[in-house]
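Residue-level structural notes
Read off the chains here:
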Amino acid sequence: MYGLEAYSTDQVGRLDMGTATFGRSYAATPDVLIEQLQADPAIAAADTLLLTIPNQLGFEENLSIISNFAKYVAPELGWIPADQGPVTGYPIQ
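None of the values given here were measured: they were computed from a predicted structure. (Residues numbered from 1 in each chain as written. Predicted model: local features only at pLDDT ≥ 70, side-chain atom pairs only at ≥ 80, totals over all residues. Heavy atoms only, no water.)

Here we come to the nonpolar core. A general trend in soluble globular proteins is that nonpolar side chains are found buried together. Within the largest apolar cluster, six residues are counted, these being L33, I34, L37, F69, V73 and A74. Mapped onto this core, the elements with two or more residues apiece are α1 (30-39) and α3 (59-73). It is α1 that contributes the most residues to this core, three residues altogether. Other than its neighbours up to four places away in sequence, L37 contacts Y26, I43, F69, V73 and L77. (Core = buried A, V, L, I, M, F, W, Y, C linked by side-chain atoms within 4.5 Å. Buried < 20%, exposed > 50% of the residue type's maximum accessible area, 1.4 Å probe, protein only. Helix = DSSP H or I, 4+ residues; strand = E, 2+ residues; numbered from the N terminus. Contact = heavy atoms within 4.5 Å.)

Structure, rendered in structure tokens:
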């Protein structure tokens, strides 16, 4: 469904009356996705990654996408589930 997005590039647009830079989209199999995300310096520097799920596909497919990302991709990026270690982040001020 989003296969063509795999070849997108960064874009500049408007968000909340200001200029915003939107990073490229990634759509690939887990092994290719891992390589692409590890090679992107912006991903390495980011403290947040937005995972967009195409809700038109229905619950089962969405669950599969999220589960596969959590099981195969996230650990390769060095992420650990919150229930398997201390949760760290920025202090709330």
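Let us look at the packing of aromatic side chains. One pass over the structure, following the stated rule, counts one aromatic pair. Measuring from centroid to centroid gives 5.8 Å for F69 and W79, while their planes differ by 55°, and the two rings are tilted. Within this pair, whereas F69 is found in helix α3, its partner W79 is found in the segment after α3, the two being separated by ten residues in sequence. The buried category is assigned to F69, whose relative accessible area is 12%. Using a relative accessible area of 39% as the deciding quantity, one classes W79 as partly exposed. (Phe/Tyr/Trp six-rings, centres within 6.5 Å; stacked < 30°, edge-to-face > 60°.)

What follows is about the side chain of N62. Among the secondary structure elements, N62 is positioned in helix α3. Classification of N62 by relative accessible area gives buried; the value is 13%. Setting aside residues up to four positions removed in sequence, N62 forms contacts with I53, P54, N55 and L57.

Assignment of secondary structure puts D40 in the loop between α1 and α2 (41-45). The exposure class of D40 is buried, given its relative accessible area of 16%. Within the structure, the side chain of D40 is placed 2.3 Å from the side chain of Y26, a separation counted as a polar contact. (Polar contact = N/O pair within 3.5 Å; in protein donor to acceptor, adjacent residues only side chain to side chain.)

Across the protein, pLDDT averages 79, with 80% of residues at or above 70. When mean pLDDT is taken per element in the protein, α1 scores highest with 92 and strand β1 (residues 11-15) scores lowest with 69. Throughout residues 1-6 the model reports pLDDT below 50, and contacts reaching past four residues in sequence, or to other chains, amount to ten contacts. (pLDDT = per-residue confidence, 0-100.)

Of the residues making up α1, those classed as buried are L33, I34 and L37. Considered in projection along α1, the buried side chains sweep an arc of 100° and stay on one side of the axis. Projecting away from the buried face of α1 at angles above 90 degrees are the exposed residues E35 and A39. Against α2 and α3 lie the buried residues of α1. (Arc of directions from axis to C-beta.)

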